[in-house]
Amino acid sequence: MKRICVTNRLLCQEDFLSRVQKIAAAGADAILLREKDLSETQYAILAKQVQEICLPYNVSLLLNSFWQTAATMHLPVQLPMPQFQKLSSADRQEIPAVGVSVHSIAEAHYAQAHHADWLIAGHIFPTACKPDLPPRGIPFLQQICDAVSIPVYAIGGITPEKVPELKAAGATGICVMSALMTCDDPVDVVRQFQSFL
């Protein structure tokens, strides 16, 4: 299973770029630069800084929402469904790869039919990021995985010991944000996840 670190510098207890460097060095498979509060100009500057960190470790960098920046930097991008639905065929061809966040089987079918490269499905377990929304659970994840042939990544409340059941449900990988942004030792956390893969 692949391990994607989803960033949120507002949760980070140390210098954000230092935290990213530690996560990349620890062996994360990819870093999804979330940072929803930034303007596209601010985001592009940060993306270039994070890209410089990722390259020496051969860690993939995925951008979030700002598909124009992704096209300019020749990087994959993760999009919410409403944004994906507005993406024209011409725009889609400018981006190396596109992932879509899905919350239903219908959305999963739509994303695959419109040439998404992967899906992020969630949230699977309770998470402080969405305290007012009930988790969708393992059965939901399995339904999504069974419904499509493209990779599906699970997100939401994921801890190392939950990895085996996510894998059994068919997930290609996991997305982790809070655990890696708030922990004292991100290297140890990445290794804990690795031990369950």
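What counts, and at which threshold
The residue count restarts for each chain, going from 1 along the sequence in the order it is written. Reporting of local features is limited, given that this is a predicted model, to residues whose pLDDT is at least 70; pairs of side-chain atoms are given and counted only at 80 or more, and all residues count toward the totals for whole chains, interfaces and linings. Side-chain calculation: all heavy atoms of the structure are included, whereas hydrogens and water are not. Pairing between strands is defined by DSSP: at least two bridges between the two strands are required. Starting at the N terminus, helices and strands are each numbered in turn, a helix being any DSSP run of H or I of at least four residues and a strand any DSSP run of E of at least two. Comment: axis = line fitted to C-alpha atoms, over the contacting stretch for helices; angle = value between 0 and 180 degrees taken between N-to-C directions. Residues count as neighbours in contact if any of their non-hydrogen atoms are within 4.5 Å of one another. Orientation categories follow fixed angle ranges, with anything under 35 degrees roughly parallel, anything over 145 roughly antiparallel, 65 to 115 roughly perpendicular, and all other angles oblique. Left-handed describes a crossing in which the near helix is turned anticlockwise from the far one by less than a right angle; the clockwise case is right-handed. When residue character is reported, Ala, Val, Leu, Ile, Met, Phe, Trp, Tyr, Cys and Pro are called nonpolar, Asp, Glu, Lys and Arg charged, and the others, Gly included, polar. To pair, rings of Phe, Tyr and Trp, with the six-membered ring standing in for Trp, must have centres within 6.5 Å; the planes then decide the type, stacked if under 30 degrees apart, edge-to-face if over 60, and tilted in the middle. Relative accessibility decides the category of a residue: with a 1.4 Å probe and only protein chains considered, values under 20% of the type maximum give buried, values over 50% give exposed, and everything between is partly exposed. With strands facing away from the observer, any crossover in which the path from the first strand over the helix to the second runs clockwise is taken as right-handed.

**Examining the sheet that holds strand S3 (residues 60–64)**
Around the barrel, eight strands lie side by side as S1-S2-S3-S4-S5-S6-S7-S8; this closed barrel has parallel pairing. Recorded for the sheet is a direction-independent mean angle of 25° between the axes of neighbouring strands. Pairing geometry for strand S2 (residues 30–33) and S3, over four bridges, is parallel. Residue pairing across strands places Ile31 opposite Leu61, the latter belonging to S3. Each of S2 and S3 is contacted by helix H2 (residues 40–54), which is oriented at about 165° to S3, the strand it contacts most. Across the sheet, helix H6 (residues 105–113) touches strand S5 (98–102) and strand S6 (118–122), and the angle it forms with S5 is around 165°.

**Some details on the packing of H6 against helix H7 (residues 137–147)**
The relative placement of two packed helices is expressed as an angle between their axes plus a distance between the axes. It is at 9 Å that the axes of H6 and H7 come closest, and there the two elements cross at 30°. The angle between H6 and H7 falls in the class roughly parallel. In the packing of H6 onto H7, the handedness of the crossing is right-handed. Facing Ile105, Ala108, His109 and Gln112 of H6, the residues of H7 in contact are Gln143, Ile144 and Ala147. A class-by-class count of the residues in the contact of H6 with H7 yields four nonpolar, three polar and no charged.

**Focus on the packing of aromatic side chains**
Going through the model one piece at a time under the given rule, you end up with two aromatic pairs. Here the aromatic rings of Tyr43 and Phe66 are separated by 4.8 Å at their centres, their planes lie at 50°, and the arrangement is tilted. Here Tyr43, found in helix H2, pairs with Phe66, found in the loop between S3 and helix H3 (67–73); they are 23 residues apart in sequence, far enough to count as distant. Ring geometry for Phe84 versus Tyr110: centroids 6.3 Å apart, planes at 85°, classification edge-to-face. Linking Phe84 in helix H4 (residues 81–86) with Tyr110 in helix H6, this pair joins segments that are 26 residues apart in sequence.

**Quick word on the pairing of S3**
Of all five residues making up S3, four are buried, and the element is well covered by its neighbours. Traced from S2 through H2 to S3, the parallel crossover comes out right-handed. Where S3 and strand S4 (residues 77–80) come together, two bridges link them in parallel fashion. Residue Asn64 lies in a different strand from S4, and its bridge partner there is Gln78. Following the chain from S3 across H3 to the adjacent parallel S4, one finds a crossover that is right-handed.

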